[in-house]
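# Structure at a glance
Chain residues, written in single-letter form:
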Amino acid sequence: MLLGFILLYIVGTLFIGLLASTLVKNSRDYILAGRNLPLYMATFVAFATWFGSETVLGASSVMAKDGLIGVIEDPFGAALCLILIGLFFAKPLYRMNLLTMGDFYRVIYGRNAEIVASVMMVFSYFGWIAAQMVAIGIILQLVLGIPKVFGIFLGFGVVLFYTFLGGMWAVSLTDFIQTIMIIVGLFVVLYEVSFGFSNLIPVLASQPMEYYRILPEPSLKDILLYISAWITIGLGSIPQQDVFQRVMSSRSERVAVLSAIFGGFMYLTIAFIPLILAVFARVKYPELLDLDPELMLPTLILEHTSLPVKVLFFGALLSAIMSTASAALLAPASVLSENLIKPYIKNISDKGFLWLTRLCVVFVSLVSLIFALSGESIYHLVGSSSALSLVSLFMPLVAGLYFKASNSTAAIISMLSGFLSWAILEYLFHNEFALLVGLSFSALSYILVNWAWRK
């Protein structure tokens, strides 16, 4: 019966993709949903930005092992990112009336900066999309008993189908419905696991206060790593296309601002449910901690809950993963078509550009599928892509919006120096402070080159 419900859910998702395709009349409809999302839908879409495999599977397993201090990056950093976007970035970016984040770097810094920024933006998504595909494969293998590779192909096909047809409208409609499923599913799971919430306080109180510590140890190393955890998503995802696309799809400047702020608080609230479930796994079923960390929570649900709860949980989990995957797929495809290919095609019509973007969706999905089949873990796939935008794109974005002087040479050197210093320390020396060094190089090089240029 669980198989039947999951198949029914997948068919329903495909139907939404077909429905969304009827709303796509031009490229702006496809990339930004016609900038027509109302506040309630825009908020749900903002909430669904990262609420996927890393939040439900990754953060919960870290919480069970390390406590609250281990999950600063997600959900705390992710929620911080949305709130900061609403407070400082949504309004000026919305007023610029851009189609992609790559357009910002062209308008402010010129074509060369646009190319460098867009290439880095596109490459930062492959590992992230692949992680969602791997997560779908793992869940379908666990629930249905099918090979993980087959599950990866099935998830790949479903997400590609409705994203290819409906673009941002498909992402928005599925995000709205899937977010409702996520909230209802997680609350029902918590209700049953905690015996009607009666065990909620006793189980949470059974852990020592140290387990809920949210501040680092007073040593320089711990403080620096703590800062890195906050800013990886908290600042690093601000210049990313998927967040930009979701916020800029709002029907007004006010909706763009409020949806990001509301989405951030909503994210932090709902993301606490998997963390609480992790505490229940730690206390009630400690044998689950010996499993693959990515399977701890799904195994808890499969072995210790009723069929209706299983249906709701795995429906919610697949919803969360697919909503993240679809937006992550559309984002680099939009940048690839708008900023890296379109400028070299003369006199392309809007319809031609629309189909170019759709073809880029197929290309990005195929490259991501290769990453997904490489055998790497979800954690490794996400870790290989999550910091790139912070060390290369964040400083030029802030400078372009808030500094009076904008310099193309400073922006390009900032991107390249930040990226190269981070990549060398991260992949050659495996230094745990690579992120902070990369960000520091990016900021200092921008300031110094800009100062020298003016002199």
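Structure: above.
Cut-offs applied
Residues numbered from 1 in each chain as written. Predicted model: local features only at pLDDT ≥ 70, side-chain atom pairs only at ≥ 80, totals over all residues. Heavy atoms only, no water. Helix = DSSP H or I, 4+ residues; strand = E, 2+ residues; numbered from the N terminus. Rg over C-alpha atoms; globule rule 2.2 N^0.38 Å. Buried < 20%, exposed > 50% of the residue type's maximum accessible area, 1.4 Å probe, protein only. Contact = heavy atoms within 4.5 Å. Areas by Shrake-Rupley, 256 points an atom, 1.4 Å probe, with all protein chains shown as cover. Phe/Tyr/Trp six-rings, centres within 6.5 Å; stacked < 30°, edge-to-face > 60°. Lys NZ or Arg CZ within 6 Å of the ring centre and 35° of its normal. Expected span 1.5 Å × (residues − 1). Salt bridge = Lys/Arg side-chain N within 4 Å of Asp/Glu carboxyl O. Axes fitted to C-alpha atoms, helices over the stretch in contact; angles between N-to-C directions. Parallel < 35°, antiparallel > 145°, perpendicular 65-115°, else oblique. Nonpolar A, V, L, I, M, F, W, Y, C, P; charged D, E, K, R; others polar. Core = buried A, V, L, I, M, F, W, Y, C linked by side-chain atoms within 4.5 Å. Bend = angle between axes of the 7 residues up to and from the residue.

Turning to the overall build of the protein, a few remarks are in order. Tallying secondary structure elements over the protein gives 21 helices and zero strands in all. Relative to the 2.2 N^0.38 estimate, which gives 23 Å for 455 residues, the radius of gyration of the protein is 21 Å and therefore close to what a compact globule would have. Expressed along its principal axes, the backbone C-alpha trace of the protein runs to roughly 65 × 55 × 40 Å. Sorting the 455 residues of the protein into buried and exposed places 59% on the buried side. When contacts within the protein are restricted to residue pairs at least 6 apart in sequence, those whose partners lie at least 24 apart make up 83%. For the protein, the accessible surface area stands at approximately 17,800 Å², while carbon and sulfur atoms represent 71% of it.

So, about the packing of aromatic side chains. Going through the model one piece at a time under the given rule, you end up with 21 aromatic pairs. With a centroid separation of 5.8 Å and 85° between ring planes, the pair formed by phenylalanine 123 and phenylalanine 126 is classed as edge-to-face. With relative accessibility at 54%, the residue phenylalanine 123 sits in the exposed group. By relative accessible area, phenylalanine 126 is classed as buried at 5%. With a centroid separation of 5.2 Å and 80° between ring planes, the pair formed by tyrosine 211 and tyrosine 212 is classed as edge-to-face. Take tyrosine 211: its relative accessible area is 6%, and that puts it in the buried class. Three or more aromatic residues joined by ring pairs form one cluster here, namely Phe47, Trp50, Phe51 and Tyr267. Lying across the ring of tyrosine 94, arginine 35 places its NZ or CZ 3.7 Å from the centre. Cation over ring: arginine 358 sits above phenylalanine 164, and NZ or CZ is 5.9 Å from the ring centre.

The end-to-end C-alpha distance of helix α11 (residues 220-234), which contains 15 residues, comes to 21 Å, matching closely the 21 Å that a straight helix rising 1.5 Å per residue would cover. Of the positions making up α11, those classed as buried are Tyr226, Ser228, Ala229, Ile231, Thr232, Ile233 and Gly234. Looking at the buried positions of α11, the neighbouring elements they touch are α5 (72-96), α18 (388-392) and α21 (434-454).

Moving on, we come to the pattern of salt bridges. Under the criterion given, the structure shown has eight salt bridges. Note that arginine 246 and aspartate 175 form a salt bridge whose closest N and O atoms lie 2.6 Å from each other. Within this pair, whereas arginine 246 is found in helix α12 (residues 241-248), its partner aspartate 175 is found in helix α9 (residues 148-193), the two being separated by 71 residues in sequence. Aspartate 175 shares its class with arginine 246; the two are buried. Residue lysine 342 pairs with glutamate 338 through a salt bridge whose shortest N-O separation is 3.7 Å. A residue is classified by how much of its surface remains accessible, and glutamate 338, at 9% relative accessible area, is buried.

What follows deals with the packing of α5 against helix α13 (residues 253-284). The contact between α5 and α13 brings their axes to 8 Å, and the two run at 175°. Comparing the axis directions of α5 and α13 gives the class roughly antiparallel. Here the residues of the contact of α5 with α13 sort into 20 nonpolar, three polar and four charged.

In terms of nonpolar packing, the biggest core is built from 168 residues, with Trp50, Phe51, Ile85, Tyr105, Ile238, Phe313 and Met415 touching the most fellow members. The element that contributes the greatest number of residues to this core is helix α15 (residues 307-341), accounting for 18 residues.

So, on to unusual backbone geometry. Backbone geometry follows two general trends: most residues other than glycine have a negative phi, and most peptide bonds adopt the trans configuration. Omega for the bond connecting aspartate 74 with proline 75 falls within 30 degrees of zero, at 25°, which places this linkage in the cis form. By the element assignment, proline 75 lies in helix α5. The phi angle at alanine 33 is positive, at roughly 50°, despite the residue not being glycine. Relative to the helices and strands, alanine 33 is located in the loop between α2 (27-32) and α3 (39-47). Judged by its relative accessible area of 0%, alanine 33 falls in the buried class. Non-glycine residue phenylalanine 197 carries a positive phi angle of around 70°. When its relative accessible area of 36% is taken as the criterion, phenylalanine 197 is described as partly exposed.

A few words on helix α4 (residues 53-66). End to end, α4 covers 18 Å across 14 residues, agreeing with the expected 20 Å (1.5 Å per residue, within 8%). Its axis deflected by about 30° at alanine 59, α4 carries its strongest bend there. The buried count for α4 comes to eleven of 14 residues, which makes it a mostly enclosed element. All of the buried residues along α4 are Ser53, Glu54, Thr55, Val56, Leu57, Gly58, Ala59, Ser60, Ser61, Met63 and Ala64.

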